[in-house]
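# Examination of the molecular architecture
Here is what each chain is made of, one letter per residue.
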Amino acid sequence: MAACGAFCCPPADPEDKVRPEHLQEGPVQNRSCTDIVFLPIFVAAQIIFIIVTIIGMQDGDPGKLYKPRDYRGAYCGVSENWNNGPVTTDMPKLSYTMNVSSMADTIMMQTVCSSYASSLMTGYLLATQQEKDDYLCDCCLSPCAKCDGAFDLGGDLLSTDLASVISSKMAELTDPAQAQSLFSPGGFNGDTFSTQNFWEQVTKYVNQVCVPECMMTVDNTTGSRDYVYTPSPDSAFYGYWNKLLNAEDSTPNIGPIKATIATAFTFTALPAEVCPYHESLCVPMPGMIFKELSSGSNYCTFELAADVANALGSLASSAFESLGFDSINGAFSESFGKFAGDFQASLDTFIIVSVLSFGVGLSFLVLLRFFIGACVWIAVLCTILFFFFGGFFTFVLSGQCEGVGLLETGHQAAVAIVVAGTTAVKDAISGEDVPSEDMTGIGGDYIGRQQYTRLGKKCDTWETQTWREVYRAENYAALSPAIRTKNYCRNPYNETDDLKAKTIWCVTTDPDVPWEECIPIGVIQPECQRGYAVGSATMRDALYYSSFVIWALGIVWIVLVIVLINRIRLAIALNKVAAVFVATNPTVLLIPIVQAICAIIWVALWCLSASFLLSQVPDTYTPKAAYATFSEAFGTVSGCAFWETGPECTEIAGQCTNKWPTGTVWKDNNCEVGPNGEQMCWRCAPPRYVFDVRFAVSFFVYLWNNAFNIALGQMLIAMCVSLWFFSRDKTSTFVVKRGIKTILRYHIGTVAFGSFIVAVVQFIRYLMKYFEKQAQAQKNRVMVLVLKAVQCCIWCFEKCIKFL
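Summary of the structure given here. (Residues numbered from 1 in each chain as written. Predicted model: local features only at pLDDT ≥ 70, side-chain atom pairs only at ≥ 80, totals over all residues. Heavy atoms only, no water.)

## Observations concerning the packing of helix H3 (residues 115-125) against helix H9 (residues 255-264)
Here H3 crosses H9 at 110 degrees, and the two axes come no closer than 10 Å. Judged on the interaxial angle alone, H9 and H3 are roughly perpendicular. Classified by chirality, the crossing of H9 by H3 is left-handed. Contact residues: H3 offers Tyr116, Ala117 and Leu120, while H9 offers Gly255, Pro256 and Ile257. Of the residues belonging to the contact of H3 with H9, the class tally is 5 nonpolar, 1 polar and no charged. (Axes fitted to C-alpha atoms, helices over the stretch in contact; angles between N-to-C directions. Helix = DSSP H or I, 4+ residues; strand = E, 2+ residues; numbered from the N terminus. Parallel < 35°, antiparallel > 145°, perpendicular 65-115°, else oblique. Left-handed = near helix turned anticlockwise from the far one by under 90°. Contact = heavy atoms within 4.5 Å. Nonpolar A, V, L, I, M, F, W, Y, C, P; charged D, E, K, R; others polar.)

Quick look at the structure:
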């Protein structure tokens, strides 16, 4: 007994029994140290962590976790990029240039699909009727299965006005002096670039490139390059554009449109010395001033130029800048690796925010006894709202069509409900017999009374509309008799027609959208001809019925709250009593304060060390070859639910994304020619970070130390509470000092042992998550499900052992 020392050993008399009077001042002192063997193991783990960190600091570069990367994954401000990427030594800023295709494609389509171009295409440049039909369908100039309605391109153009209109629109893109009208509804481009939708998706209209300064214009550089716009070769309009551009001069009336295409679509690009990319990626964005996201940051954001802001007004320009700022900031997220890098770069901010957050949390803990009731009832209300909006979201998602936004789907459903409701009321009042709203196929037999399009536009009368005067009762049986068809939706076609709409439609009274599809009255979720956003029919049904289940659960929740209201009040009262202990023993608040400070210091040190380990991506980790298709590089996604099987549910892993952490995929302008003559344009970009054995060791020590810190705090507070509970005088106690002494003297080994067990279980769970990510990258759905189930079991086990 003497060998264990006085510090850990019990009193000399081992036969001394625990009697009731021993418990009058708290836990007995007749005890010995527990699990002392785990203390040297715990110390050895810290030594191993230090060794791994020192080794990692030799080769790691934390800058790779937070330095900006361009559209192809190349780092800004480095002398050498992976796989012979651009040299960006003097270009540390990630700024933005114009995405010419996104900005000019609408103007190109307005040119190619204008009445002027249509007369040339169908009259002279297209040889066969099939080519003409394809052109009319690609431009949605006639109802066909490919189109939902006519393109809203800003109006039709004739030979007399095409040159001036297109040249004026392109001038706002190519001439910086006219940028103030580009973003104004009063400009030649109308509201194309002035709507909220444009600013919410502003990242679609810019390219991410590395440059010396955030704001780069042709004026503040030496030299420039020219870029002549052309549609992408895989665009449906590429061939029509080239036919117009390369048409013989002898073609009747070809001169104005050919000259416009040849001259109006030329952009001025930055020189290669400041923008080391193809000239199509180096066209400055007009009307925007790019600046550092924050002082000293290498990430750039934007604000509108002074002349543009003055033209729009302060309120509008501020709103647009805010929307664009949010959109660009959203594009900065790059998962865990970048988070670690950002943390390392902003350590001082982290410490300040942590201190302030702890202060707020501590104040909340002290004041909790006064407003815990309000917190509980607000949480109950938020849960009710969650059920309501969650059911609505799943209901709309179950009927969302491919390529249609969620808001548009909700708008469409709202229109259908309103029209159905108002029609039902009118019919009930009139008492008249109403025709059937049923239809088969593409709607040639529809005789209903729908007079609004799917997005709520009013239909024009067939016999008086001037958009296509061919659609009259004498030409189409579906429109006869005219006195009955009025302005109701129909699908007029003859069996010999090559172009047919895929459902009922009507000519609208909106001059910007001359025709649009309709939905029969009473149909809330119409069938999607082009497929659904949720590809699996089983999953759509599950979402549809789930919406009603969620609403039903919301009702059950409300009922339970009403039934158990007294129990809720009792729980609130118990929490208030618990707050009395804190008020009686304010020194106990020092325990979480010290615990939080230790946690902050440890997390900061670990993240700093981990950043060196994470950033070491091997050169051979990512393939350097080029691939012919996006699917080959990125892989395929089936859209099937996890329980569905079959060939249509087979997914193929991409060459760039078949292991985790995954990189990205980008399209190279300089394509390679494959062995069969195919163009191989798609390439891989490496991830910012990878995980290896050294990181696994570091991460386990991180988990162990975290669990140790939490367990020590919990045991100290539990000891303090027990001392307070058994104390005769509950108004004057010094429980913290006695509790710390007892824990450190007898039970620190148990804390290390218990936290070790928790860390092991947590590490295994995270390891299963790592394997799940690998299986997910390899498109192994069965293994993903198995690993998810294993993680769930381990999570439940972890929650149990935490309280043993």
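## Quick word on the environment of Phe393
In this fold, Phe393 is placed in helix H13 (residues 347-398). Along the backbone, Phe393 and Gly410 are 17 residues apart, and their C-alpha atoms lie at a distance of 9.0 Å.

## A closer look at a nonpolar patch on the surface
A cluster of nonpolar side chains, namely Ile555, Val556, Val559, Leu560, Val563 and Leu564, defines an oily patch on the protein surface of about 530 Å² accessible area. With respect to the helices, strands and loops of the structure, Leu564 is situated in the loop between helix H16 (537-563) and helix H17 (565-584). By relative accessible area, which is 40% here, Leu564 ends up partly exposed. (Patch = residues over 30% accessible without salt bridge, like charges linked within 9 Å, V, L, I, M, F, W, Y side chains within 5 Å. Areas by Shrake-Rupley, 256 points an atom, 1.4 Å probe, with all protein chains shown as cover. Salt bridge = Lys/Arg side-chain N within 4 Å of Asp/Glu carboxyl O. Buried < 20%, exposed > 50% of the residue type's maximum accessible area, 1.4 Å probe, protein only.)

## What about the packing of H3 against helix H8 (residues 238-245)?
Closest axis-to-axis distance for the H3/H8 pair is 11 Å, and the angle between their directions is 80 degrees. By the angle between their axes, H3 is roughly perpendicular relative to H8. For the pair H3 and H8, contact is made by Ala117, Leu120, Met121 and Leu125 and by Tyr240, Lys243 and Leu244, respectively. When the residues that make up the contact of H3 with H8 are grouped by side-chain class, the tally is 6 nonpolar, no polar and 1 charged.

## Observations regarding the state of the cysteines
Per the counting criterion, the structure on display carries 10 disulfides. Residue pairing for Cys275: its cysteine sulfur links by disulfide to Cys282, the two sulfurs lying 2.0 Å apart. Here the S-S torsion is close to -85 degrees, and the disulfide linking Cys275 with Cys282 is therefore left-handed. The buried category is assigned to Cys275, whose relative accessible area is 0%. Classification of Cys282 as buried rests on a relative accessible area of 0%. The disulfide bridge from Cys459 ends at Cys506, spanning 2.1 Å between sulfur atoms. The sign of the -75 degrees torsion about the S-S bond sets the Cys459-Cys506 disulfide as left-handed. Of this pair, Cys459 sits in the loop between helix H14 (406-430) and helix H15 (482-485) while Cys506 sits in strand S7 (residues 505-507), and the two are 47 residues apart along the sequence. By relative accessible area, Cys459 is classed as buried at 3%. Here Cys792 is not disulfide-linked; the sulfur of Cys796 is the nearest cysteine sulfur, at 4.5 Å. Looking at Cys792, the relative accessible area reads 46%, which means it is partly exposed. (Disulfide = S-S within 2.5 Å.)

## Quick word on the side chain of Ser114
Relative to the assigned elements, Ser114 resides in the loop between helix H2 (100-112) and H3. Polar side-chain contacts of Ser114 include one of 3.1 Å to the backbone nitrogen of Ala117. Ignoring any residue separated from it by four or fewer positions in sequence, one finds Ser114 in contact with Tyr135, Asp156, Leu157 and Leu162. (Polar contact = N/O pair within 3.5 Å; in protein donor to acceptor, adjacent residues only side chain to side chain.)

## A few points about the pattern of salt bridges
This model, assessed by the stated rule, comprises 16 salt bridges. Here Lys146 makes a salt bridge to Asp138, at a shortest N to O gap of 2.5 Å. Lys624 is paired through a salt bridge with Asp619; the nearest N and O atoms lie 3.0 Å apart. You can call Lys624 partly exposed: its relative accessible area is 37%. In this structure, a network of salt bridges that share partners links the residues Asp148, Lys502 and Glu517.

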